[in-house]
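These are the residues of each chain, in order.
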Amino acid sequence: MIDIDIKYILNILRAFLFGLAVGYSISFFFRYFKPIAEKLLGGKRINVDLWWWTGIVISIVLGILSTLLLL
């Protein structure tokens, strides 16, 4: 018989969901902050692909780091 500790499973689930929420919120930040950043820089100087992939990479990295922080 396998002894499964429900508290351990809930802790892993909580860490995973927290990492997912952090990554998703950072993704939304990058999605909606681009026009503000362009206004602050004084025009359309930001490459769309660079901005998009930078937001995706930072979202994934921060999501994984926040998951590992809670484990």
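Rules used in this analysis
Residues numbered from 1 in each chain as written. Predicted model: local features only at pLDDT ≥ 70, side-chain atom pairs only at ≥ 80, totals over all residues. Heavy atoms only, no water. Helix = DSSP H or I, 4+ residues; strand = E, 2+ residues; numbered from the N terminus. Rg over C-alpha atoms; globule rule 2.2 N^0.38 Å. Buried < 20%, exposed > 50% of the residue type's maximum accessible area, 1.4 Å probe, protein only. Areas by Shrake-Rupley, 256 points an atom, 1.4 Å probe, with all protein chains shown as cover. Axes fitted to C-alpha atoms, helices over the stretch in contact; angles between N-to-C directions. Parallel < 35°, antiparallel > 145°, perpendicular 65-115°, else oblique. Left-handed = near helix turned anticlockwise from the far one by under 90°. Nonpolar A, V, L, I, M, F, W, Y, C, P; charged D, E, K, R; others polar.

Peer 1: Tell me about the overall build of the chain, and name the residues and values.
Peer 2: The number of helices and strands found in the chain is 2 helices and 0 strands. Taking 2.2 N^0.38 as the reference for a compact globule, 71 residues should give roughly 11 Å; the C-alpha atoms of the chain span a radius of gyration of 17 Å, well beyond that estimate. Across its three principal axes, the chain shows a C-alpha extent of roughly 65 × 15 × 15 Å. Across the 71 residues of the chain, 21% fall into the buried class. For the chain, the exposed area adds up to about 5900 Å²; of that, 75% sits on carbon and sulfur atoms.

Peer 1: Explain the packing of helix α1 (residues 6–41) against helix α2 (residues 48–70) to me, using residue names and the numbers behind them.
Peer 2: Relative to each other, α1 and α2 sit at 155 degrees, their axes nearing to 8 Å. In terms of orientation, α1 and α2 fall into the roughly antiparallel class. Considering how the two elements wind past one another, α1 and α2 form a crossing that is right-handed. Within the contact of α1 with α2, the residues separate by chemical class into 14 nonpolar, 9 polar and 3 charged.

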